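Now for the letters of each chain:
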Amino acid sequence: MESQAARILLLEPFYGGSHKQLLDLLSAHLDSSVAFTMPAKKWHWRARTSALYFSHNVPASPTYRVLFCSSVLNLCELVGLRPDMARLKKVLYFHENQLVYPVRKEQDRDFQYGYNQILSCLVADTVVFNSAFNMNSFLSSIASFLKKIPDQRSPKDVAQIIRPKCRVLYFPLHLANVTRLFPKHKLLCGVTGPSHTGDIIATLTDSTLQSGLDQQSSLNRQSGPDRQSGLEQQYGPDHRQDSPGKPLHIVWPHRWEHDKDPELFFSTMVKLKEEGLNFLLSVLGETFTDVPEAFLLMLMFAEAFATCRPLLDSHVLHWGFLESREDYVSVLCQADVVLSTARHEFFGVAMLEAVHCGCYPLCPNALVYPEIFPAEYLYATPQQLLKRLRNFCAQPRRARAHVLKVDVSRFSWDVLQAAFQSLLSL
């Protein structure tokens, strides 16, 4: 659709991961829309400067009626630079919020990013969050966040001004039928995804979009015939996916960053090994190395992962980034349990993708997880997590025969499309 005739203006300063998936869905399914994006690099600079970029690179059009953007964009700056956009219906979508996004030390939190999001909410007409947890944590943190401003009394009614504009609209997953990749036990126990058809290679999001460090890619290439041969020597033919004696297959499909708590994950896996329990392990997910503040952390975690690899080597099936998206889906379909150890999660695309692929989820009883997962899939302490995994390792059939009680289809684009279309109508 030519921008001159478009009624819906879609802007995304960080066009990657879930941000890209959402914008692509909207672009493909909304009539009379046009999208302008920036590459998913240097997130902090996108948050600081994308308003200036879009103000100069989005042509004016008298046909625009609605503006949709993610909260990475400083919407307040944009409408100040482009008064013609101030008259549009302005919809702001929060994939995450910077008021409660975890940092290792509170003094490391950059006040500007959260402040930008508050200002953007004040000028938006509708503010949309991908979960109630995201919305409530943002609104309840505004007052204390603004108290950090020195030498002045912060306004007390900002949250009250923003709250009436807010609503929850879950992130839409584009789910394909993955049953062709299921092992027999998932088909037999009735673990089947929605009957949607489509190209499976186009369905995945965050967990497969970024390449890993060279070291991780090298380690990942060790998965293959030699790896399978080694596992067969250790476990015999029972390591095969459909064998009743196959050890429990655990998958951890998350970014290799501190907010996903890899320390808890690896310490738990090492404890299982020390107890002599059999299990197979797939450690997946991407890394982001182009954010200067995070670079040293990435090197630290890469080193930690490399240190843990030899300790767990006899259990590893897959390690690090998978080049093929279908390979990634295939691993999820063959796994038994998907594990989150996150200290931060506003929605959890990777966990829901894995559940769609028939994995039994284990999640912290915190963050967004109680909003999405029934209580039986939640753990409160590391000790509870260890106990659950210990029991599954001893009796893998308990996880494999379980009929999942998570309705992933309610997060599908097919279900949510009408709500998004209504949101972006006048």
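Report on the accompanying structure. Quick caveat, the model's predicted, so the values are computed rather than measured.

What counts, and where the lines are drawn
Residues numbered from 1 in each chain as written. Predicted model: local features only at pLDDT ≥ 70, side-chain atom pairs only at ≥ 80, totals over all residues. Heavy atoms only, no water. Helix = DSSP H or I, 4+ residues; strand = E, 2+ residues; numbered from the N terminus. Buried < 20%, exposed > 50% of the residue type's maximum accessible area, 1.4 Å probe, protein only. Contact = heavy atoms within 4.5 Å. Areas by Shrake-Rupley, 256 points an atom, 1.4 Å probe, with all protein chains shown as cover. Pairing = 2+ DSSP bridges. Axes fitted to C-alpha atoms, helices over the stretch in contact; angles between N-to-C directions. Right-handed = clockwise from strand over helix to strand, strands pointing away. Expected span 1.5 Å × (residues − 1). Phe/Tyr/Trp six-rings, centres within 6.5 Å; stacked < 30°, edge-to-face > 60°. Lys NZ or Arg CZ within 6 Å of the ring centre and 35° of its normal. Polar contact = N/O pair within 3.5 Å; in protein donor to acceptor, adjacent residues only side chain to side chain. Salt bridge = Lys/Arg side-chain N within 4 Å of Asp/Glu carboxyl O.

**Points about the overall build of the chain**
In terms of regular secondary structure, the chain is built from 18 helices and 12 strands. Within the chain, buried positions represent 58% of all 426 residues. Long-range contacts, defined as pairs at least 24 residues apart, comprise 76% of the intrachain contacts of the chain with a sequence gap of at least 6. With the model as given, the accessible surface of the chain reaches about 18,000 Å², and the carbon-plus-sulfur share is 53%.

**Considering the sheet that holds strand E5 (residues 126-129)**
The strand order E2-E1-E3-E4-E5-E6 describes an open sheet built from six strands, whose pairing is parallel. Each edge of the open sheet carries a strand with a single partner, namely strand E2 (33-39) and strand E6 (166-168). Shown here is a sheet whose adjacent strand axes are inclined to one another by a mean of 20°, direction ignored. Packing of helix H2 (residues 43-57) onto the sheet brings it into contact with strand E1 (8-15) and E2, and relative to E2 it is tilted by some 135°.

**Quick look at the pairing of E1**
As a general feature of sheets, a regular strand has side chains that alternate between the two faces. The buried fraction of E1 is high, at seven of eight residues. Pairing geometry for E1 and E2, over six bridges, is parallel. Across the sheet, the residue bridging to Ile 8 is Ser 33, located in E2. Where the polypeptide runs from E1 across helix H1 (residues 17-29) and back to E2, its parallel neighbour, the crossover connection is right-handed. Relative to strand E3 (residues 66-70), E1 is paired through four bridges, and the arrangement is parallel.

**With respect to helix H11 (residues 262-274)**
Between its first and last C-alpha, H11 extends 18 Å over 13 residues, near the 18 Å set by a 1.5 Å rise per residue. Along H11, the residues classified as buried are Pro 262, Leu 264, Phe 265, Phe 266, Thr 268, Met 269, Val 270 and Leu 272. Among the residues trailing H11, Gly 276 stands out with phi positive, at a value near 80°.

**Some details on the packing of aromatic side chains**
Inspection of the entire model under this criterion finds 21 aromatic pairs. With 6.1 Å between their ring centres and 45° between their planes, Tyr 369 and Phe 373 make a pair best called tilted. Members of the aromatic cluster, connected to one another through ring pairs, are Phe 68, Tyr 93, Trp 413 and Phe 420. Sitting over the ring of Trp 45, Arg 48 keeps its end group 5.0 Å from the ring centre. Across from the ring centre of Phe 182, 5.6 Å away, lies the NZ or CZ of Lys 186, which sits over that ring.

**Concerning the pairing of strand E4 (residues 89-94)**
Counting buried residues in E4 gives five out of six residues, a clear majority hidden from the surface. When E3 meets E4, the two strands line up parallel, connected through five bridges. Each bridged residue has a counterpart across the sheet, and for Phe 68 the counterpart in E4 is Val 91. Sheet analysis places E4 next to E5, joined by four bridges and oriented parallel. Within E5, the residue paired with Val 91 across the bridge is Thr 126.

**Considerations on the sheet that holds strand E7 (residues 248-253)**
Strand order in the open sheet made by the six strands is E9-E8-E7-E10-E11-E12, with parallel pairing throughout. With one partner strand each, in any of the chains shown, strand E9 (316-319) and strand E12 (378-379) form the two edges of the open sheet. Sheet topology note: the strand E11 (residues 360-364)/E12 ladder contains two bridges and is parallel. From the neighbouring strand, Cys 363 faces E12, where its bridge partner is Leu 378. Contacts from helix H14 (residues 349-356) reach E7, strand E10 (337-339) and E11 within the one sheet, and its direction differs from that of E11 by about 160°. With respect to the sheet, helix H16 (residues 382-394) is in contact with E7, strand E8 (279-284), E10, E11 and E12, its orientation differing from that of E11 by roughly 165°.

**Points about the side chain of Ser 61**
Counting through the fold element by element, Ser 61 comes out in the loop between H2 and E3. Of the residues examined, Ser 61 reaches a relative accessible area of 5% and is grouped as buried. Of note is the side chain of Ser 61, whose polar atom sits 2.8 Å from the side chain of Thr 63.

**Points about the pattern of salt bridges**
Throughout the structure, instances matching the rule amount to 13 salt bridges. A salt bridge links Asp 110 to Arg 48; its shortest N-O distance comes to 3.6 Å. Here Asp 110, found in the loop between E4 and helix H5 (111-123), pairs with Arg 48, found in helix H2; they are 62 residues apart in sequence, far enough to count as distant. Overall, Asp 110 belongs to the partly exposed group, its relative accessible area being 32%. A salt bridge links Asp 84 to Arg 82, with the nearest nitrogen and oxygen atoms 2.8 Å apart. Residue classification places Asp 84 among the partly exposed residues on the basis of a relative accessible area of 26%.

**Brief notes about the environment of Phe 133**
Within the secondary structure, Phe 133 is located in helix H6 (residues 132-146). Take Phe 133: its relative accessible area is 22%, and that puts it in the partly exposed class. Separated by 233 residues in sequence, Phe 133 and Ala 366 place their C-alpha atoms 9.6 Å apart.

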